[in-house]
Amino acid sequence: MDECNYAKNDKMLSNGLVSTSSAQETLTRVTEGKSISRREAYELIQSTDDDLILSCARKIRDTNNHNLKIVTYSRKIFVDITNLCRDTCSYCTYKKDPYSEAARMMKPSEVISLAELGKRYGCTEALIVTGERPEQKYGEARDWLKSLGYTSTAEYVGAIGEELMRKTGLLPHTNAGSLTKKEMSLLKESNASLGMMLESSSPRLTDVGMPHHAAPSKNPKVRLRTLEEAGQLKIPFTTGLLLGIGETAEEIIDSLFLIKEINEKYGHIQEVILQNFMPKTGTAMEKSSSIKMDLFLRIVALSRIILRDINIQVPPNLNPHCYGSLLDAGINDWGGISPVTIDHVNPEFPWPPLEGIRSATLQKGFALRARLPVYPEFIFKSDNGFISDTVRGYMEQLSDSGGLVREEVVN
Ligand code: SF4
């Protein structure tokens, strides 16, 4: 049963309510295929017409041809190559100092062993995650990379991605933060897709006392440039928002519109992850509240309404009682779920059993299918410059005629 907490969040609802008739008018036009304007979205995020908004989001999701009656997830291993990071975000527990017992700097042999284990469990994605350019801050990171023959984290990640794909057939998807165009170009050869959360386009969050003040890579200008350059390189790209870290309702809408506008130029944004901030013990934001579920669901629905056919994903481990509500808000993907590794970014939140997700998905009328770390629409794009020849060779061994994972690979 869906036991979502529907307590009302009044903090973000700042500028008065839009009338139901005006919301209805906007949503009718949007359901008929018209784009929503930024002004209309500002109004809707402050409205209380959740039934209308969620219903519109569902209709748009259900008429997107490529995901009709299918909701996806990716069966993955989480390879936390290194949790050293030059930046500091006020909510993060992933980052560790080099002297910490939990500091991680994986050797190639450890990565390959993990990928082999993942293969035995039917995984098809190797999610490769690093902190932001640790070699710029820590001698330990430079020494580790040097001992392996590299001068940067990006170089190592490119090489180990190629090796694990060659040895195990798993497809890498790397999130190493805000990479340069040259680095992304290198990684495209060995990655099915790349990822980097925009988190928020609000420069306010980098001010003194705000969560990204000590994280230069979280400057929205830097992140938006990375999104643009990934588009120029034709890289299927995953991005997303971290919701509830001090941004306003209008800033959430602005972030979504910026993603939409960049995607309209390059057509490379394959999915947008909507991640609800959860306060964590030991961080500067441990006493901050997480976003209330009614507002979160409205944002999920508005993301669908604004982004239309871009895949919308919400991590199920952060929302264990809300699968049905999230499906009702228009998502079509549950993201990476691992039978082998924990969520190293949110270790406090274990992956839920796949069967619970499958059953909630079925109850809403959708089949749950495993996808690759690149979505079918990119596999079949007439302009196939989105996937390197090397990756395509391995991908074809895993995918069926619809571009999803062949059933016998995961079962
Ligand atoms: S959220 Fe990412 S960039 Fe920020 S401190 Fe953690 S690992 Fe570094």
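Residues numbered from 1 in each chain as written. Predicted model: local features only at pLDDT ≥ 70, side-chain atom pairs only at ≥ 80, totals over all residues.

1. Some details on the nonpolar core
Grouped together as the largest cluster of nonpolar side chains are 108 residues, with contacts concentrated most on Val79 and Val300. Considering each element in turn, this core owes the most residues, 11 residues, to helix H10 (residues 293-307). Discounting chain neighbours no more than four positions away, the residues touching valine 300 are Leu274, Ile312, Val314, Leu326, Ala329, Gly330 and Ile331. (Core = buried A, V, L, I, M, F, W, Y, C linked by C-beta atoms within 7 Å. Buried ≥ 20, exposed ≤ 12 C-beta atoms within 10 Å, placed from the backbone. Helix = DSSP H or I, 4+ residues; strand = E, 2+ residues; numbered from the N terminus. Contact = placed C-beta atoms within 7 Å.)

2. Thoughts on unusual backbone geometry
Its identity is not glycine, yet arginine 133 carries a phi of approximately 35 degrees, on the positive side. You can see arginine 133 is positioned in the loop between strand S2 (125-130) and helix H5 (139-148). Taking the number of C-beta atoms within 10 Å as the measure of exposure, arginine 133 has 23 and is therefore buried.

3. Here we look at helix H4 (residues 108-120)
Relative to the 18 Å expected for 13 residues at 1.5 Å per residue, H4 spans 19 Å between its end C-alpha atoms, a close match to the ideal helical length. Within the span of H4, buried status applies to Val111, Leu114, Ala115 and Gly118. All buried residues of H4 fall inside an arc of 100 degrees around its axis, so they share one side. In this structure, H4 carries Ser109, Ser113 and Arg120 as exposed residues pointing more than 90 degrees from its buried face. (Expected span 1.5 Å × (residues − 1). Arc of directions from axis to C-beta.)

4. Topic: the site of the ligand
In the neighbourhood of the ligand, the contacting residues comprise Cys85, Asp87, Thr88, Cys89, Cys92, Tyr94, Lys95, Gly131, Glu132, Gly177, Ala215 and Ser217. Residue composition of the shell around the ligand, grouped by class: five nonpolar, four polar and three charged. (Near = placed C-beta within 6 Å. Nonpolar A, V, L, I, M, F, W, Y, C, P; charged D, E, K, R; others polar.)

5. Here's the deal with the packing of helix H3 (residues 50-63) against H10
At their nearest, the axes of H3 and H10 sit 8 Å apart, and the two run at 40 degrees to each other. As judged from the angle between their axes, H3 and H10 are oblique. The handedness of the crossing between H3 and H10 is left-handed. Packed against H3, whose contacting residues are Asp50, Ile53, Leu54, Cys56, Ala57, Ile60 and Arg61, the element H10 presents Asp294, Leu297, Arg298, Ala301, Leu302, Arg304 and Ile305 at the interface. (Axes fitted to C-alpha atoms, helices over the stretch in contact; angles between N-to-C directions. Parallel < 35°, antiparallel > 145°, perpendicular 65-115°, else oblique. Left-handed = near helix turned anticlockwise from the far one by under 90°.)

6. Here we look at H10
Over its 15 residues, H10 runs 21 Å from end to end, which matches the ideal 21 Å to within 8%, given 1.5 Å per residue. Of all the 15 residues making up H10, 14 are buried; the element is thus mostly covered by neighbouring parts of the structure. Just downstream of H10 lies arginine 308, where phi reads positive at about 55 degrees.

7. Here we look at the environment of threonine 93
Structurally, threonine 93 can be placed in the loop between strand S1 (70-82) and H4. Excluding its chain neighbours within four sequence positions, the residues that come into contact with threonine 93 are Lys280, Gly282 and Thr283.

8. Side note on the packing of helix H8 (residues 220-232) against helix H9 (residues 249-266)
Where H8 meets H9, the axes come as close as 9 Å, and the angle between the chain directions of the two elements is 20 degrees. Put simply, H8 runs roughly parallel to H9. Note on packing geometry: the crossing formed by H8 with H9 is right-handed. Across the interface between the two elements, Leu224, Leu227, Glu228, Gly231 and Gln232 from H8 touch Leu258, Ile262, Lys265 and Tyr266 from H9. By residue class, the composition of the contact of H8 with H9 is five nonpolar, two polar and two charged.

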